[in-house]
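Residue strings, one per chain:
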Amino acid sequence: NIVKQIRFFLFKNCFSPINPSLNSKYLLRQIPKGKPFLLTVSRFDVLKGQFRLLCFIKKNYSLSKKYNFLFIGDGTEFKNCKDYKEEYNLKNVILLGSHERNNLFDIYNQASGIIMPSFKESYGVSIIEGLSFKKVVLTFENSLLIDKNVKLIDPNIIYSIKKIDQLLKWNSKIKNSVIF
């Protein structure tokens with residue numbers, strides 16, 4: 001019985017995705033200060049679109065004056081993305097590798113927005129996580145527009161900082177959100 005109580009306590013207080021952990025603070029220290037950041041959290045795989053996001057960042061290099069782009073995850077495409085980042089000297093891209101979801105509390109909380117570059121998602125956990133922190137989610141795919149605070153961007157267009165800033169404004173007037 002005491003073992004069950006300890007497990008319950010640990011799960012409730014240490015492993016919940018909505019509770020911050022000590023590793024969350026450590027991750028924040030890995031992010032360069034002075035610029036807000038946009039976050040993407042997902043397995044690095046062809047359908048998840050991280051490489052497409054890197055191409056978008058390269059094309060929209062003026063965004064690097066204001067934003068850092070933080071990638072969390074690992075997978076088969078991680079090395080290709082890392083090589084591309086280095087080849088094109090994308091200094092505003094930070095690849096942090098894989099981390100437990102309960103370590104991401106402060107990262108989500110401090111992000112200026114979430115980018116979901118996937119070609120296809122069955123559910124979109126990062127969208128729900130981002131919205132739960134009242135963060136606008138930018139996506140390249142119409143199929144992921146599940147809420148008014150999930151906004152479509154075209155990966156083939158060059159955006160101004162002003163336009164991205166406008167897109168990242170949370171619309172608190174929305175009723176019947178998928179989260180609130």
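The shown structure was predicted, so the numbers you read here are calculated from the model rather than taken from an experiment.

Asks: Would you take a moment to explain the pattern of salt bridges for this structure?
Replies: Two side chains bearing opposite charge may form a pair once their charged atoms approach each other closely. On inspection of all chains with the given rule, the structure shows four salt bridges. A salt bridge links R43 to D45, with the shortest nitrogen-to-oxygen separation between them at 3.3 Å. For D45, a relative accessible area of 21% puts it in the partly exposed group. Note that K66 and D165 form a salt bridge whose closest N and O atoms lie 2.9 Å from each other. Linking K66 in the loop between α3 (50-59) and β2 (68-72) with D165 in helix α7 (residues 161-167), this pair joins segments that are 99 residues apart in sequence.

Asks: Just to check I follow, could you spell out the sheet that holds strand β3 (residues 93-95) for this structure?
Replies: What holds strands together in a sheet is hydrogen bonding between their backbones, with the strands either parallel or antiparallel. Read across the sheet, six strands follow the order β3-β2-β1-β4-β5-β6 without closing on themselves; strand pairing throughout is parallel. Only two strands of the sheet have a single partner each, and these edge strands are β3 and β6 (150-152). The average undirected angle you get between the axes of adjacent strands in this sheet is 25°. Of the pairings in the sheet, the one linking strand β1 (residues 37-41) to strand β4 (residues 113-116) comprises two bridges and is parallel in character.

Rules of the game
- Residues numbered from 1 in each chain as written.
- Predicted model: local features only at pLDDT ≥ 70, side-chain atom pairs only at ≥ 80, totals over all residues.
- Heavy atoms only, no water.
- Salt bridge = Lys/Arg side-chain N within 4 Å of Asp/Glu carboxyl O.
- Buried < 20%, exposed > 50% of the residue type's maximum accessible area, 1.4 Å probe, protein only.
- Helix = DSSP H or I, 4+ residues; strand = E, 2+ residues; numbered from the N terminus.
- Pairing = 2+ DSSP bridges.
- Axes fitted to C-alpha atoms, helices over the stretch in contact; angles between N-to-C directions.

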